[in-house]
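Structure assessment
Listed here are the chains, written in short residue letters.
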Amino acid sequence: MSKTSANTMWGGRFSAGPDAIMEAINASIGFDRRLAPQDISGSRAHAAMLAACGIISQQDAAAIDAGLVQVEGEIARGDFAFSTALEDIHMNVEARLREIIGTPAGRLHTARSRNDQVALDFRLWVREQCDAAIEGLDALMRAFVTQAEAGADWVMPGFTHLQTAQPVTWGHHMLAYVEMFARDKGRFQDARARMNECPLGAAALAGTSFPIDRHMTAAALGFDRPTANSLDSVSDRDFALEFLSAAAICATHLSRFAEELVIWSSAQFRFVRMSDRFSTGSSIMPQKRNPDAAELLRAKLGRILGASVALFTVMKGLPLTYSKDMQEDKEQVFDAADTLMLGLAAMEGMVRDLTANRDALAAAASAGFSTATDLADWLVRELGLPFREAHHVTGALVKLAEDKGCDLPDLSLAEMQNIHGQITEAVYSVLGVQNSVASRTSYGGTAPENVRTRIAHWKEVLG
């Protein structure tokens, strides 16, 4: 296509076509071709509405619809020739439609602009990504629930500062991530509900004088309602920013568990074994099993967070309404969505294939004076000591055990009574890790009975 014909798309205002540099910086077809299904859906709904309102003839509307179906098929089959000279997906589709049906194609753009058209296409695409993320999160949560159910009463160390703190259960740890990803799901659901308004019909920025029915196109495209302000309709990218924000938080949760997998699968921990599907070897060290999938997933958070920062930066200084800067909104969102979906699928696979080393978990749970808090609580409960005094006594007992190179349950009663004379044989009942986790029955605590109750809840919620 010549520069003159490409320039025709801009109208008669310009007498010379863009040079190669301007064409390259102005064109978005290299990435916005992904919006083809949404662009064609929006155009079909728009044409049907124009005919229903008597703005174009039913005959022209039928020709437009049939032509758009043909274009959609060509794109799906890979038979469509995209043109950089035609700038974007909208012009590429319309130009091909004109080749197929002739003059009626020129009526399709009545009562709309590329401004509301791209706002519609992008919103439809992001809405679909919210649905995909929600589906992926459901699958991932089910995988964590399965792990939790397998080890509802398996003891393991709980950590603060990556130091042994108190014993918890494997099931409780797995369910912590279910809670996190459930919040992520809620964020995508909230974002989807907020974005489910249709901008089509806002035209360039001020609406249109044609007697259109925006409620008709909104309903046809699955929206709850049309947007209420034409200026906001074409300039709003909150839906993309919200999606990226939710994606960044979700990716942070993925990254946190990926980090735990890297640590847990190490020879120093041996808490878990990752499957061969998600591990690699070393080119020089035959003994190595590298958790590459977890490491890559941990790193991919940066791409999603970077996309979020990039779009916030694009939008922060723009006056109403549309500015060409907003063409830079899509590539970041496309990449972030692709990265998120890959991350969710990879993490689901890793969790489903994961084998926990129950013996190593239990051995680590018993080490590092993990029941010291239980001892302090016993001193308060049974001897009536103020907690601060109990904390001091327990600290002295921990130091004694540390000096002797043993754990708290290995201290003799006489040794304990040398620290505090009122300690009795009953203290040993709280120094075992199984007794410790079983005692944590407060709502949200790690006791196996709590874990099993919460597993039942999530199995009902997730189906």
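Since the model is a prediction, treat every value here as computed from it, not as a measurement.

**Comments concerning the overall build of the chain**
- When helices and strands are counted, the chain shows 19 helices and six strands.
- A globule of 463 residues ought to have a C-alpha radius of gyration of about 23 Å, yet the chain, at 31 Å, is considerably larger.
- Dimensions of the chain, computed from the C-alpha atoms along their principal axes, are close to 100 × 50 × 40 Å.
- By sequence separation, contacts in the chain at least 24 residues apart represent 74% of the contacts at least 6 residues apart.
- Split by element, the accessible area of the chain, about 21400 Å² in all, is 53% carbon and sulfur.

**What to know about the pattern of salt bridges**
- Per the counting criterion, the structure on display carries 28 salt bridges.
- For Asp 184, the salt bridge is made with Arg 187, and the minimal N-O distance between the two is 3.0 Å. Highlighted residues: Asp 184 and Arg 187, both in helix α8 (residues 170-195), separated by three residues, approximately one helical turn.
- On the basis of relative accessible area, Asp 184 is assigned to the buried category, the value being 0%.
- A relative accessible area of 28% means that Arg 187 is categorised as partly exposed.
- Connected through salt bridges with shared partners, the residues Glu 74, Arg 96 and Glu 99 form a single ionic network.

**A few points about the layout of surface pockets**
- Size it by volume and the largest pocket reaches roughly 410 Å³.
- Looking at the lining of the largest pocket, the elements that each hand over two or more residues are β1 (155-160), α8 and α11 (238-264).
- Among the residues forming the lining of the largest pocket, the class breakdown is nine nonpolar, three polar and three charged.

**With respect to unusual backbone geometry**
- Of the consecutive residues Leu 320 and Thr 321, the connecting peptide bond is found in the cis state with omega at 5°.
- Relative to the assigned elements, Thr 321 resides in the loop between α12 (292-315) and α13 (330-353).
- The backbone of Leu 162 shows a phi angle near 60°, a positive value even though the residue is not glycine.
- With respect to the helices, strands and loops of the structure, Leu 162 is situated in the loop between β1 and β2 (163-169).
- Although it is not a glycine, Arg 270 sits at a positive phi angle of roughly 55°.

**A word on empty space enclosed by the protein**
- This structure, assessed with the given rule, holds two cavities of 30 Å³ or more.
- Taken together, Ala 251, Leu 254, Leu 297, Lys 300, Leu 301, Ile 304, Thr 339, Leu 340 and Gly 343 make up the lining of the second largest cavity.
- Looking at the lining of the second largest cavity, the elements that each hand over two or more residues are α11, α12 and α13.
- In terms of residues, the lining of the second largest cavity owes the most to one element, α12, which gives four residues.
- When its residues are assigned to classes, the lining of the second largest cavity shows six nonpolar, two polar and one charged.

**Topic: the pairing of β2**
- Two strands pair when backbone bridges link them, and β1 and β2 are joined in this way by six bridges, in the antiparallel orientation. Within β2, the position partnered with Pro 157 by the bridge is Pro 167.
- In textbook terms, the turn of a hairpin is the stretch between consecutive antiparallel strands, and for β1 and β2 this stretch comprises two residues, one of which, His 161, has a positive phi near 60°.

**Description of the nonpolar core**
- Within the largest apolar cluster, 99 residues are counted, with the highest numbers of intra-cluster contacts made by Trp 170, Phe 188, Phe 257 and Met 347.
- Ranked by residue count, the leading element in this core is α11, at 17 residues.
- In contact with Phe 257, other than residues within four places in its own chain, are Phe 144, Met 174, Tyr 177, Trp 264, Met 347, Val 351 and Leu 354.
- One finds Trp 378, Leu 385, Val 393 and Met 416 within the second-largest nonpolar core, a separate group that totals 19 residues.

**Concerning the packing of aromatic side chains**
- This structure, assessed with the given rule, holds 15 aromatic pairs.
- Ring centres of Phe 144 and Tyr 177 lie 5.6 Å apart, and the angle between their planes is 15°; this geometry places the pair in the stacked category. Highlighted residues: Phe 144 in helix α7 (residues 114-150) and Tyr 177 in helix α8, separated in sequence by 33 residues. We note that Phe 144, like Tyr 177, is buried.
- Here the aromatic rings of Phe 144 and Phe 257 are separated by 4.9 Å at their centres, their planes lie at 75°, and the arrangement is edge-to-face. Within this pair, whereas Phe 144 is found in helix α7, its partner Phe 257 is found in helix α11, the two being separated by 113 residues in sequence.
- For Phe 257, a relative accessible area of 0% translates into the label buried.
- Each residue in the set Phe 144, Phe 159, Trp 170, Tyr 177, Phe 181, Phe 257, Trp 264, Phe 269 and Phe 271 is aromatic and connected to the rest through ring pairs, giving one cluster.
- One residue, Arg 127, lies across the ring of Phe 223, its end atom 4.6 Å from the ring centre.
- Its end group placed over the ring of Phe 122, Lys 330 keeps NZ or CZ at 5.6 Å from the ring centre.

**A word on helix α19 (residues 448-462)**
- Taking 1.5 Å of rise per residue, the 15 residues of α19 would be expected to cover 21 Å, and the 21 Å separating its terminal C-alpha atoms lies within 8% of that figure.
- All of the buried residues in α19 are Pro 448, Asn 450, Val 451, Ile 455, Trp 458 and Leu 462. Seen end-on, α19 carries its buried residues on one side only, within an arc spanning 145°. Projecting away from the buried face of α19 at angles above 90 degrees are the exposed residues Glu 449, Thr 453 and Glu 460.
- Residues of α19 that are buried sit in contact with α7, β2, α8 and α18 (433-439).

**Some thoughts on the packing of α8 against α19**
- Viewed as axis vectors pointing N to C, α8 and α19 meet at an angle of 35°, and their least axial separation amounts to 10 Å. Between α8 and α19 lies a crossing whose hand is left-handed. Contacts between α8 and α19 involve Gly 171, His 172, Leu 175, Val 178, Glu 179 and Ala 182 on the former and, on the latter, Val 451, Arg 454, Ile 455 and Trp 458.

**Re the confidence of the model for the chain**
- Mean pLDDT over the chain: 92, with 94% of residues reaching 70 or higher.
- With pLDDT under 50 throughout, residues 1-6 is counted as low confidence; its partners more than four residues away or in other chains account for seven contacts.

Definitions and cut-offs
Residues numbered from 1 in each chain as written. Predicted model: local features only at pLDDT ≥ 70, side-chain atom pairs only at ≥ 80, totals over all residues. Heavy atoms only, no water. Helix = DSSP H or I, 4+ residues; strand = E, 2+ residues; numbered from the N terminus. Rg over C-alpha atoms; globule rule 2.2 N^0.38 Å. Contact = heavy atoms within 4.5 Å. Areas by Shrake-Rupley, 256 points an atom, 1.4 Å probe, with all protein chains shown as cover. Salt bridge = Lys/Arg side-chain N within 4 Å of Asp/Glu carboxyl O. Buried < 20%, exposed > 50% of the residue type's maximum accessible area, 1.4 Å probe, protein only. 1 Å grid on protein atoms, 1.4 Å probe; cavity = no way out; pocket = protein on both sides within 12 Å on 5 of 7 lines; lining within 4 Å. Points joined across faces, edges and corners; volume = space filled by probe spheres on them. Nonpolar A, V, L, I, M, F, W, Y, C, P; charged D, E, K, R; others polar. Pairing = 2+ DSSP bridges. Core = buried A, V, L, I, M, F, W, Y, C linked by side-chain atoms within 4.5 Å. Phe/Tyr/Trp six-rings, centres within 6.5 Å; stacked < 30°, edge-to-face > 60°. Lys NZ or Arg CZ within 6 Å of the ring centre and 35° of its normal. Expected span 1.5 Å × (residues − 1). Arc of directions from axis to C-beta. Axes fitted to C-alpha atoms, helices over the stretch in contact; angles between N-to-C directions. Left-handed = near helix turned anticlockwise from the far one by under 90°. pLDDT = per-residue confidence, 0-100.

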